[in-house]
Structure formats: C-alpha cells, structure tokens
Amino acid sequence: MNSIKFLYSAYAATWTIHLLYIGSLVRRYRRLKQELSELKQK
Amino acid sequence: MHKQSFGGGDAMSLLSSTTRGTITRATLTKDIRLEWRSKDALNSMLFFSLLVVVIFSLSFDPLAEESRRIAGGLVWVAFLFAAVVALNQTWARELRNQVLDAYRVSPAPPNALFMAKALGNFFIVSLLEALMTPLFIIFYNLRALGPAWQLIPIGLLGTWALVVNGTFFAAISLRTRSRELMLPLLLFPISIPAVLGMVAGTTAILTGENSAHFWIVLLLTYDVVFTTACLALFEKVLEAE
Amino acid sequence: MKRLFPILAVLTALMLGYAVYQALVVAPTERTMGDVQRIFYYHVPSAWTAFLLFFVNLVASVAYLVKRNPKVDALAMVSAEVGVVFCTVVLVTGPIWARPVWGIWWTWDVRLTSTLVLWLIYVSYLLLRRFSDSAQAPALAAALAIFGALDIPLVYFSIWFFRTQHPQPVIGGGGSIDPRMWRVLLINWMAFLCFALLMCWSRYRLETMRREVEEAQALESLLGDDRGPSAEIRNPKVALNRSGQ
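No experiment lies behind these values; they were computed from the predicted model shown.

(A) Fine view of the overall build of chain A. Regarding its fold elements, chain A presents 1 helix and 0 strands. Its C-alpha atoms give chain A principal-axis dimensions of about 65 × 5 × 5 Å. In chain A, which comprises 42 residues, the share counted as buried stands at 12%.

Quick look at the structure:
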C-alpha cells in the first residue's frame, strides 16, 4: 500500500533529525578538544 | 532596600512615587524633543509605510470588496515593520555617551526609564498611524461595514502591545552582537497573538461579518500581562552585566 | 556519575529498539488510517518530550533569575536546545502523517499552529543565546523564556478563536484508543525520554567543557601578556589592597 511509504519516511525523518543533532554535538566537541590542546601547548 | 531604612512608611513611598513620575516625565520630554528636532525615525517610518502601501496596492489592484479582507493584515504588517525602526533607536541613543551606564549606577528606578521609553515609542508610532491611516483609506477605498469606532481601542491597545514588548526586546537586543537584526527576530514570535488580534479585529470591523469584542479583550489581556512582565523583568535586563 | 553514562546509553539503545519493534510489529493496525497511524508512536512521544523540556527550561529560567546559579542556566539552555530538536521532529512528522490521512500537508489548526509558534519562540531563544556575550546571555535569555511562557496561552486562545470563525477541514476526532496502542505509546515515550535525557546529558557536559575552555582562554590572554600591570592581574589581592588604602 502507498501509505507505508509515508510511515517509513516519517521514521527516517525522525532519525535523520536526531542524527544531525548528535553530529553537531560531536563536531562541537571535537572543536573544543582541539582548542583545549592548543591552550595546553602554550 | 536602603531607601526604606531612611524614613520608611508612607512618606517615603510617596516620595519615591513622585520621583518616579518626575524621571519618567523628564526622559519622555527629552526623547520627544530630540525626535521633534531631527524627525529621523518619524520620516523614515512614514516613507517606509508609504512604500508598503504603494507596492501592495500595485501588486494586488484590489477591489473594494477584496480590499476589506486584506487591508487589516496590510495595515498592521506595515505598521509593525515601521515600528521596528523607532524601536531600534530607542536605546541606541543612550549608548553614545554612556548615558545608560550612568543611569544604571544612579539610584533612579529602572521602571521609570522603561515607562518613559515605552510611552515615547507609543507616541511616535501612534502619530505614524494617525498620519498613514487616511492614505490607506484612500488607496484601498476602505469603508467599514461594522462599528468603526471600535477601530480606536484596537489601534490603541494593539500599538501598546507592539511598543511595550518592542521597547523591552530592544533593550535585550542592545546587548547582542547584531543589534538591529536581533530585535525583529525576538519581537515577532512573541507578538504573534497580538498581531493576530489586531489583524482579525480590524478585518472583523471592516467586513462587518463578525464581532471584534473577543479581539479587544485579547489585546487588553495581552497588554496587561506583558506590561506587568516588562516592569517586573526590566531591572534584570538593565543590570545584566 | 560518569560511569552511569555508558549504561544509560546502552539502556536507551535497547529501549529504542524494543519500542520500534512494538510500534511496527506488535501494535494493532488502525482500522481507518491503516499503517500510517504508526507514525503516531513517534509523533506524540516527541511532542510530549518537547513540551516537558520547554517546561524544564521555564523552571530553570525562573530559578536562574532568583538564584543566579550558572549550572541552572546551563540546564535551561540545554533543555531548550534538545526541546527544539524534538519539536522539529513533531513538526516534520506531523505533515507526513497529515498528507495521507487528511489529504493535505498542513492546516492552520490550533494545535499545529501553536506548536509552530512555540518552535519559533524557542528558536529565537537559541538565537539570542548565540548572539549575546556569555556574561549577559543567561539573564537576557531567562527573561525571554518567561515572556515565551506567558505568550503560549495567549497564542493558543487567539488561534482557537480565529479558527472557530473560519471553516476548516475536520481533523482528529475523538474516539477511544485501543489499550494495546496506549501500551505501545507509553513504551515509546519512555524510550524517547531516555534518549532525550542522554542528549541533554551530553549537551550539558559539552557546555561545561565550553565554559571551562572559555575561562582558560580568558585567563591565558590576561597572563600571556607581560607588558601590562601584571602584578594586579596575576594576584587580584594586590589590586584590592592598593585600592583599599
């Protein structure tokens, strides 16, 4: 049935949003780690 | 706190309420005099809303019947965007010679300053509306089918709703990196119910299909709630580092 | 506390897997809507979680203005950010559900519009935090959060009244929910709550770390420069003693 496509796209969209957010958290964490190591070198 | 330790009681509170009034009046007259001499804000607001009127009436070419339905939205959106011009320069003027810092260290109550600024903006935006409304009526061939006098409470309450929160958020956006950009971003989401009230109320009166009573009550509630909130929280914003 | 984090992570993963199984396999198929109704198990728990997080944000904002505790401020900020993520999920899954069921992607209905306005208010909250200096951001943001909370009932009533004046597609409609559906719904909500807690926790740790780095950088820029009157800056007590004389 056609409606199953909507179900899967909704579930996929949910997890895409969550994964994008987690990705941004990881990116911000990496940047902080780098800044911290730069500070320690000085 | 320390004020009460001097005399305390009714005499002291009477004194502080009169000084509050004096401070409000002094700041208000100063701002209006400054605006009257330069007319910077008023002129740019007038021209801006004139542009909105012309551009929209060109792109819609409204008939009298249609224009009744869209005019409420048009008028208020034009005023909303024009008001941002006045609101943005509310506090910017006080930054130049550290006037705001001087005010912060003085014992003057912050609410008095806030009320003066809000009333000043209310005056300027109301003046703009009074000047622009005839133009809107001419360009859109407007004639109210409902009770037209109700447009006055909607106009006054709606303008105060925009201006009181606008003055508060202008004080907030003053502390951010991109001042002028920030104000509409903060003000518009919070103003949605007020804008809906003004637009729907005006449309109800112009078309004469519905009663505007609910919207007047809604605007009144909005005004009471947010005027209280502004007065309660303004000190926190002014003192924020 | 830190050891608890991986345990929570594993637990959340297991619960989310179980919840998906429950939602897609165990839950009964709805009679009129069919399988699309299973979006409900993601849409509704996300909405509840978002509202809960926004409520936490309000409480933390008020508490910050009273107590001025930077940790409470971090909590307010974290709950708003994760709340916006969940609210985005609600706003995206909603139209995907509406399209096959009502035949339209979006309608300016009370609940939809209020949720959208809520999302707009909290996005402006996050923008304010992003664009203000870290010393001023907490108090300004807390004030905005209180304004937003006061706004929500007004938004709801104004849109509710506006909609009763205008024709709109008939949507929703009451009717009882199968108790098996309730069970699956609650399981999904629990799983998403754990997930939200996990994200808040990670974001909170990130924020604490960011503040530490910021402090270290500020200190470094003060100490790294030897030209200035360094004695006062290195040892604040010296400056205090001098001014006290």
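From this point, things continue past the structure.
(B) Quick look at the overall build of chain B. From N to C terminus, chain B includes 9 helices and 0 strands. In terms of C-alpha radius of gyration, chain B reaches 20 Å, essentially the compact-globule figure of 18 Å for 241 residues. With the principal axes as the frame, chain B shows a C-alpha extent of 65 × 35 × 30 Å. Within chain B, the proportion of its 241 residues that are buried is 43%. At a minimum sequence separation of 6, the contacts of chain B that also span at least 24 residues come to 83%.

(C) View of the interface of chain C and chain A. In this assembly, 24 residues from chain C lie in contact with 21 residues from chain A. Contributions of two or more residues to the side of chain C that touches chain A are made by helix 3 (70-102) and helix 6 (179-223) of chain C. Of the residues in the side of chain C that touches chain A, the class split is 13 nonpolar, 5 polar and 6 charged.

(D) Highlighting the interface of chain C and chain B. Facing the 27 residues of chain C at the interface are 28 residues of chain B. Breaking the side of chain C that touches chain B down by element, the ones donating at least two residues are helix 4 (110-131) and helix 5 (137-165) of chain C. Looking at the side of chain C that touches chain B, its residues break down into 20 nonpolar, 6 polar and 1 charged.

(E) Structural context of the packing of helix 3 (residues 40-60) of chain B against helix 6 (residues 110-140) of chain B. Residues and elements named next belong to chain B. The contact between helix 3 and helix 6 brings their axes to 10 Å, and the two run at 25 degrees. In this view, helix 3 runs roughly parallel relative to helix 6, as classed from their interaxial angle. As helix 3 runs across helix 6, the sense of the crossing is right-handed. Residues Ala-41, Leu-42, Met-45, Leu-46, Ser-49, Leu-50, Val-53 and Ser-57 of helix 3 pack against Ile-124, Leu-127, Leu-128, Leu-131, Met-132, Leu-135, Phe-136, Phe-139 and Tyr-140 of helix 6. Residues of the contact of helix 3 with helix 6, tallied by class, amount to 15 nonpolar, 2 polar and no charged.

(F) A look at helix 1 (residues 3-41) of chain A. Helix length check: helix 1 of chain A, at 39 residues, gives a terminal C-alpha distance of 58 Å against a target of 57 Å (1.5 Å per residue), a fit within 8%. Taken together, the buried positions of helix 1 of chain A are A:Phe6, A:Leu7, A:Ala10, A:Thr14 and A:His18. Check the buried side of helix 1 of chain A and you find it contacts helix 2 (40-67) and helix 3 of chain C.

Conventions used here
In this convention, every chain numbers its residues from 1, walking through the sequence in written order. Working convention: letters from A go to chains and numbers from 1 go to ligands, in the order in which they are written. This being a predicted model, a pLDDT of at least 70 is required before a residue's local features are given, and a value of 80 or more before pairs of side-chain atoms are given or counted; all residues contribute to the totals for chains, interfaces and linings. Working definition: helices are DSSP H or I runs of at least four residues, strands are E runs of at least two. Numbering for both runs from the N terminus. Counting other C-beta atoms within 10 Å of a residue's own tells you its class, since 20 or more makes it buried, 12 or fewer makes it exposed, and anything in between is partly exposed; those C-beta atoms are placed from the backbone. Two things to know: the radius of gyration comes from C-alpha atoms, and the globule rule equals 2.2 Å times the number of residues to the power 0.38. Any residue pair is listed as a contact if its two C-beta atoms, each placed from the backbone, are within 7 Å. The classification used treats Ala, Val, Leu, Ile, Met, Phe, Trp, Tyr, Cys and Pro as nonpolar, Asp, Glu, Lys and Arg as charged, and all other residues, Gly among them, as polar. Where helices are involved, their axes are fitted lines through C-alpha atoms of the stretch in contact, as for all axes, and angles between N-to-C directions lie from 0 to 180°. Roughly parallel here means an angle under 35 degrees, roughly antiparallel means over 145, roughly perpendicular means 65 to 115, and every remaining angle is called oblique. Crossing handedness: left-handed means the near helix sits turned counterclockwise from the far one by under a right angle, and right-handed means the same turn made clockwise. Helices are assigned an expected span. That span is 1.5 Å times one less than the residue count.

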